[in-house]
Amino acid sequence: MNSYPPELLVQLAPVMFVAGLDLPPAPSTSAPSAPQSPSKTQSPPPTPIKTQDLFANLVARLRDALQSQRKVSIWAPERTKQFQMILVGKDVRFPPRKLVPPEDLAYATAHSPLSPLTPSSPLYPDGLIAPIWIRKHTALVPSVFVLFLRLFEAPAMHARSPLDTPDPEHERDKTEEERRRDNDLSAEVAARKKTTNERGIKLTVVLLATRRMLDDPSLDSRLTFIRRQSGLDSRAALFVLSPVSTSELNDFARSLQDALYETAVEYYTSHSKRVRRKRNRHSQSVSSYNPPPVVSMGIASARPLRPEGWTVRYEYKMACFAEFRGEDEVALKHYQDAYATLMIMFGSTAILPPRTKRWAEAKVLADAINVKITKLYLYNHEHSLALSHHNSHMRRFADFSRGWGIGEETFEYWSWMARQHRVLAELLEQGSNSSLTFPTNSPPSLAAGASPAATPVDLDAVRALGLNPSHALQHPGHYYYMAARCTEARRERFLANEKGMSQGTNAAPGYANEKKADHLTIILELYTKSYEVFKKYSSTTSQGRLTLWIAYRIAHTYYESEKFDVAIRFFERIAKTYRREKWKHMLRPLLSTWYACAQKLGDVELMATLLVEMIGYAQDVDESITLQEDLLAVLKSSVPVSARRPLVVDLKESDPLLDTMLVFWTPEVRVGEEAGFQLSLATPTNMDLSALPIDSVTITFSDGYYPVVLQHSPPTDDQVADTAVRLVKVGKLVPEDEDEEPEEICADLRWRPGERLVVSGSISSEAPGLLTVVSITVVIAQNGWTIEMPHEPCVSHEISTLVPRWLTSLQPTRFIQLGRNDCSSVVVRHRPHELAVSLSHQTPALLDEEYPIVIDITNVDERHLDVIVDVLLQPTEVDQAAQHIIFDDQRSSGLIKGIRLGTIAPGVSATKTLYLAGSGAPGDRTLDISIQSTAVQPGVTSKCDDDAEPRSSSSLSTHAAVDSCEKLQTIVIPTSRAMTITYDVAYRRSKNAMPALADLSTVEDDFWDDSYGGIAVVTAKIECSVPCGLAVESLKLHRQDNSLAKVLDCSSDKSSDDMFPDEYLPGDTFCNVSRISLSPREEQVLDNENIAGPGEYEVVWRRMLPAGGRGRQSITRFALPTLMIPQDELIALLDVPSFAKLHASTPIHLTIRNRHSSRSAHVSVTLDLDPSDAFVVAGLRNGRLPILLPGSEEKLSWKLIPIECGYVKIPRIKVMNVRRAALPSQGGAEVDAEGEAVKVIDVRADWNSTRVQSADDSAVAIPQQDGASTILVLP
């Protein structure tokens, strides 16, 4: 930005003049003046030295505090109430508004000294705006004038005694002296007030006083007197400041600016209104404007400013005043209007003739306005508008320049373009150091905008997602780079102009000034700044590559500056990345410039190295021949630095000289078996290496083999020298451990375009491993030079295609294409081991059984084999299934590794038994068995002893030298149940009496009450379900009594020894019966919860084998079923004996129980005695029982005398719940109702049965058959 006046670019802010803060002069060392003669009224003594030092310190700190408030800068987006403070003297004068004094009669028609209408003005007669006008408002004329003055203070008189009264005469003299000093101060303020009022400037006075003066009661009256006498305003015009700390001074400076900011805004607003009025008057008189006539002296008068120029002038002034006020939007609008009018003026050469002084000034003004508009857009974060305006400015002036004869062919054009790019870069760099952020410029995702059901995106939509890089704001490094590129074009045009001058053409305008410019220094500076900024913002790989490109341009600039050593250091670092990332199009010019630097420095080894690499990047045959000729010239005209040490040119990351392709006929061979190979060395069709002095080609295989060396031998007369394919047979490769060394092989090592040399041979190995070609070294020998160029086995140029092919015939030439992906190596493996593996087991496996699987391994190989077995139990997909395996002493639910079978000699077998245990649910179980074998020498103990960690398949595969092998077998074993169980549960109500409601024993822990739960009789039926049969050894019930249920007795407790052991075939069953007492709690009854079975059956059994043997002992457990709670509310239990004697009294009992949780019952009982009944009854015939509370019972008894023998029905007993018997009818009268019948149950036939398949299954109810109660009457 140094190319433009700083006044046109800086951010404008209100200007404040601060006077009265001059530093005191240094103390004088001259002799004191002679004492004056005393007079009658002596003036008070001077201020003490201590007070003077105090105020001098205050003035110094005030100057620092005020000057640190705001710094002049181009980028200042913050809109705070801050002034541009300028320290001036008390006697500072303002520049005159007009050339004549105000009392002159011509004052009204006079103009400003800077007006184009004033002959002495630098803008006369047609200038637009001079930087001095902005300097006037930023340095010569303030909006606020702050005057610091010292308030007079009389020295304090200390009384000799507290009882002394004040001296009236002294007080009167003190008051008179203060009034006189205040009059002088007011006069000084009034004089300054007069000058500021003439310019409409706000005057503010700050009086400096001590803290003692602030407490003086006369201070207010003195301040009022000073304000009135001097004519100061009543608002923000007078302040008093005492010596305070630095932080308080900063607060005072901020408060002073806050108080005066509105006044400053009003000052600049009045200026804007004045300029707007002048613009409006001028626009109204435009139609009547005529150019002045030509005077008769024979010389045309100066042409005045055109109306467009006045518009630019007024709009620019209003924009500046709006910027002073901090109104960015208003300033932007006026700048845009001024810029638009200025473009109209540039569009006409009659208004602004090219290459004139006013034309140059207008160009500078247009560039400055463009910077202002761009900056204001950036303040508002409108990046696209800022860049668009800047690009439009450059595009417009590029068009104008072509019309002015300053097109792309001139250095002036590129100088101006470079200046614009640099100005934008510096502006963005200043903004980035403050608060400016740059957009990411990432396009929106194509998939994000499309809905799942949307149609495919068309081409226009795809284009809309793109972004033109010229329309996206970049970081400053991009524009520094563009400025450097334009400067390079500027230098090229300048050098072309100099060349034309040497041939007799005229010098271009501005040639003298352009000759003074150091173009290369400017280019280097711009590229360096761009490089630094790109490194700062290089967050992606693409930007990192562009950073390298800029570094290349820096190196090229150093080359143009003849600093070849510095350029070479840059080239070395850049070329590493270009080679690695295969940027060949960028690497070629770099190598050419690098070679030119090496030529200038005379580094022959570097020249040879670069020429060899450049041959590999040759584009056509002519270029490759030219580079070979240059290499031969270097080799013949120079000697290497070290003749004993060859020069190695590493081409691993560069393009090779030869296309190499290594092909093995088979992907793998056995130990001792030969593997045929063919190595193809060819040149691409655009390269000719016939002139390159290649002396030999060394082919290095894997370790353990002598390298194959091909020595160059020109073809003889009887050989065909121009065959496209040549074959060289090298036979079988010789290992290094043999005494016989290989013979040298001669071949024609000159390649024309597209020629191919095929090296054919075979290789074998006595140890397993990978065989391939390690390197192919091409050696050039000439005049004492030895240059080695290592090649990789499978590399090619871009135009060549690597296709693995095998040469089968020379005449005619035929190739077979191999279908493998990797043909450049062969794997040597041991012969596979011959093991016969047999897995024996009897299906199916049974749940809860350790199922044996016999693994039989027989060595049918001729080698001794050390065998290890790994077993993996695959997870099952069956729900509720559990499983594990047992192998030797190891137990696992997944993997068992390293079970050694020892060393097995040829023809010998080894056997191991694996056990599979499954439980839970039936289903298939899957086993993966890995049998690993390693060949060992007979009589040598295996290294894998019992204490060592066993080998696995993964460890063996990583050691190719170990003669090992692995066999995998997978078996699927179906698993079924050994036996099934079915439960029949019968529920019987208890005859025990219910406890009383107030019985305290019910709250004890060991209290047991089965009056509600009753008795559950569980009959278990166990059936053998496997075809092989089972030998059951025992059946036991393991009791697990709890607080809700307990086992009373079980049939297996007495009869188990008589039943077992016994054999059961498929379909055979055996049973067991147990009685369980239920004592549910009230909460279980209310929630209708079930009761877990209080125990489980344990069945011990063995599998019956086909040969008559029996398998391993197994245990199966069956849990007792879940028991239900009877859901009774009101019930009657009838207890009748099973027989009676004729004509003998027989008692019967009826128990009525109310098991409802909250409802009482009103029960009536009726015994219906029919004449046909064979009984005489003694007892209640019809009656109502007392109210049955919840949880209570009542018992009734009768005596029956039978009068007939046989099965006789007992009299019918009817029980009714009459709690709601009396119901009100619709008419209001009561109607008798019988109530609700209560079920009467004969406890002899109380047998509610359910059937359960297993403990986890749901119960299936078996209906109970109801019938009349009978009794057997015996004679």
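Scroll up for the structure.
My aim in this report is to walk through the structure given alongside it, one point at a time. (Residues numbered from 1 in each chain as written. Predicted model: local features only at pLDDT ≥ 70, side-chain atom pairs only at ≥ 80, totals over all residues. Heavy atoms only, no water.)

### Quick word on the overall build of the protein chain
Heads up, the rule is: A run of H or I in DSSP counts as a helix once it spans at least four residues, and a run of E counts as a strand once it spans at least two, with each numbered from the N terminus. Relative accessibility decides the category of a residue: with a 1.4 Å probe and only protein chains considered, values under 20% of the type maximum give buried, values over 50% give exposed, and everything between is partly exposed. Contacts between residues were defined by any pair of non-hydrogen atoms, one from each residue, lying within 4.5 Å. Accessible surface is estimated by sampling points in the Shrake-Rupley manner with a 1.4 Å probe; for residues, cover comes only from the protein chains shown.
Helix and strand counts for the protein chain come out as 23 helices and 53 strands. Evaluated residue by residue, the protein chain yields a buried proportion of 44% over its 1275 residues. Contacts spanning at least 24 positions in sequence make up 77% of the contacts within the protein chain whose residues lie at least 6 apart. With the model as given, the accessible surface of the protein chain reaches about 66,200 Å², and the carbon-plus-sulfur share is 51%.

### A few points about helix H9 (residues 357-379)
For clarity, the threshold we go by: Helix span, expected: 1.5 Å multiplied by one less than the number of residues in the helix. In protein, a polar contact requires one atom able to donate a hydrogen and another able to accept it; more generally it is a pair of N or O atoms within 3.5 Å, and residues adjacent in sequence count only if both atoms are side-chain atoms.
Helix length check: H9 (23 residues) gives 33 Å between terminal C-alpha atoms against 33 Å at 1.5 Å per residue, within 8%. Across the 23 residues that make up H9, a large majority, 19, are buried. Backbone nitrogen of Trp359 and a side-chain oxygen of the N-cap are separated by 3.2 Å at the start of H9; the cap is Thr356. Looking one or two places after H9, you find His381, whose phi comes out positive at around 60 degrees.

### Regarding the packing of aromatic side chains
For clarity, the threshold we go by: Aromatic pairing here means that ring centres of Phe, Tyr or Trp (its six-membered ring) are within 6.5 Å. Orientation follows from the plane angle: under 30 degrees is stacked, over 60 is edge-to-face, and everything else is tilted.
This structure, assessed with the given rule, holds 36 aromatic pairs. An angle of 75 degrees between the planes, with centres 5.0 Å apart, marks the rings of Tyr267 and Tyr268 as edge-to-face. The pair formed by Tyr267 and Tyr268 is uniform in burial state, with each residue classed as buried. Ring pairs connect the aromatic residues Phe346, Trp359, Phe397, Phe400, Trp404 and Trp416, which therefore count as one cluster.

### Topic: the environment of Ser840
In this fold, Ser840 is placed in strand S20 (residues 835-840). Once residues lying within four places of it in the same chain are set aside, the contact partners of Ser840 are Pro852, Ile853 and Val854.

### Quick notes on a nonpolar patch on the surface
In plain terms, the rule: Surface patches are drawn from residues lacking salt bridges whose relative accessible area is over 30%; two like charges belong together within 9 Å, two nonpolar side chains (Val, Leu, Ile, Met, Phe, Trp, Tyr) within 5 Å. Here, a salt bridge means any side-chain nitrogen of Lys or Arg that lies within 4 Å of a carboxyl oxygen of Asp or Glu.
Taken together, the side chains of Leu997, Ile1187 and Leu1189 define a hydrophobic patch exposed on the protein surface, amounting to about 290 Å² of accessible area. On the secondary structure map, Leu1189 appears in the loop between strand S43 (1182-1184) and strand S44 (1193-1202). Under the relative-accessibility criterion, Leu1189 is labelled partly exposed at 43%.

### Remarks on the nonpolar core
So the rule is basically this: Residues belong to a common nonpolar core when they are buried Ala, Val, Leu, Ile, Met, Phe, Trp, Tyr or Cys residues joined through side-chain atoms within 4.5 Å.
Counting residues in hydrophobic clusters, the biggest one holds 189 residues, and the most contacted among them are Leu342, Phe346, Leu590, Val697, Leu710 and Ile787. Counting 38 residues, the second-largest nonpolar core is a separate cluster that includes Val1032, Leu1035, Trp1101 and Leu1120.

### Some thoughts on helix H7 (residues 307-325)
Taking 1.5 Å per residue, 19 residues should reach 27 Å; H7 reaches 27 Å between its end C-alpha atoms and fits that length. Within H7, 17 of the 19 residues are buried, which leaves it mostly tucked inside the rest of the structure. Directly beyond the C-terminal end of H7, a positive phi value near 85 degrees is found at Gly326.

### Some details on the sheet that holds strand S53 (residues 1270-1274)
Rule in force here: The pairing criterion for strands is at least two bridges between them, as found by DSSP. The angle between two axes is taken between their N-to-C directions and runs from 0 to 180 degrees, where each axis is a line fitted to C-alpha atoms and a helix contributes only its stretch in contact.
The sheet built from three strands is open, its strands ordered S39-S53-S45 with mixed pairing. The outermost strands of the open sheet, each flanked by one partner alone, are strand S39 (1139-1141) and strand S45 (1206-1209). Taken over all neighbouring pairs, the strand axes of this sheet differ in orientation by 40 degrees on average, direction set aside. Relative to S53, S39 is paired through three bridges, and the arrangement is parallel. Looking across to S53, one finds that Ala1140 is bridged to Val1273.

### Re unusual backbone geometry
Along the chain, Tyr124 connects to Pro125 via a cis peptide bond; the corresponding omega equals 0 degrees. Structurally, Pro125 can be placed in the loop between strand S2 (84-88) and helix H2 (131-140). Thr843 connects to Pro844 through a cis peptide bond whose omega is -5 degrees. For Pro844, the position within the fold is in the loop between S20 and strand S21 (845-846). A positive phi angle, near 60 degrees, is found at Arg355, a position not held by glycine. The topology assignment puts Arg355 in the loop between helix H8 (328-346) and H9. Taking relative accessible area as the criterion, Arg355 reaches 37% and is therefore assigned partly exposed. Even without a glycine there, the phi angle at Gln880 is positive, about 60 degrees. Its location among the elements puts Gln880 in the loop between strand S23 (864-873) and strand S24 (882-887).

### Some thoughts on the sheet that holds strand S25 (residues 890-892)
Across the sheet, which stays open at both edges, the five strands sit in the order S20-S22-S27-S24-S25 with antiparallel pairing between neighbours. Both edges of this open sheet fall to S20 and S25, since each of them pairs with a single strand only. Averaged over all adjacent pairs, the angle separating strand axes in this sheet is 20 degrees, with direction ignored. Of the strand pairs in this sheet, S20 and strand S22 (residues 850-859) are connected by six bridges, and their pairing is antiparallel. Paired with Ser838 across the strands is Asp856, a residue of S22.

### Regarding the packing of helix H13 (residues 476-502) against helix H15 (residues 519-537)
Here is the rule we go by: What sets the label is the angle itself: under 35 degrees gives roughly parallel, over 145 gives roughly antiparallel, 65 to 115 gives roughly perpendicular, and the rest give oblique. Rotating anticlockwise by less than a right angle from the far helix to the near helix defines a left-handed crossing, while the corresponding clockwise rotation defines a right-handed one. Amino acids outside the nonpolar list (Ala, Val, Leu, Ile, Met, Phe, Trp, Tyr, Cys, Pro) and the charged list (Asp, Glu, Lys, Arg) are all regarded as polar, and Gly is one of them.
Contact geometry for H13 and H15: axes closest at 8 Å, N-to-C directions at 160 degrees. Taken together, H13 and H15 sit at an angle that is classed as roughly antiparallel. In the packing of H13 onto H15, the handedness of the crossing is left-handed. Within the contact of H13 with H15, the residues separate by chemical class into 14 nonpolar, five polar and five charged.

### So, the pattern of salt bridges
Taken as a whole and assessed by the stated rule, the structure comprises 53 salt bridges. Across the pair Glu323 and Lys372 runs a salt bridge, and its minimum N-O distance is 2.9 Å. In this pair, Glu323 sits in helix H7 while Lys372 sits in helix H9, placing the two residues 49 residues apart along the sequence. The same class applies to Glu323 as to Lys372, namely buried.

### Concerning the side chain of Thr683
Structurally, Thr683 is set in the loop between strand S9 (675-682) and strand S10 (694-701). There is a polar contact of 2.7 Å between the side chain of Thr683 and the backbone oxygen of Arg752.

### Quick look at a positive patch on the surface
Using the following cut-off: Counted charges follow a simple rule, with Lys and Arg positive, Asp and Glu negative, and His plus the chain ends left uncounted. Here the site of a charge means atom NZ of a Lys, CZ of an Arg, CG of an Asp or CD of a Glu.
A surface patch of positive charge is lined by Lys273, Arg276, Arg277 and Arg281. Considering the arrangement of structural elements, one finds Arg276 in helix H6 (residues 246-284). Judged by relative accessible area, Arg276 falls into the partly exposed class, the value being 31%.

### Topic: a negative patch on the surface
A cluster of acidic residues, Asp703, Glu736, Asp737, Glu738, Asp739, Glu740 and Glu743, forms a negative patch on the protein surface. With a relative accessible area of 38%, Glu738 lands in the partly exposed category.

### Notes on the environment of Cys1050
Relative to the helices and strands, Cys1050 resides in strand S33 (residues 1045-1050). For Cys1050, a relative accessible area of 7% gives the class buried. A sequence separation of 33 residues divides Cys1050 from Val1017, and the C-alpha atoms of the two residues are 9.7 Å apart.

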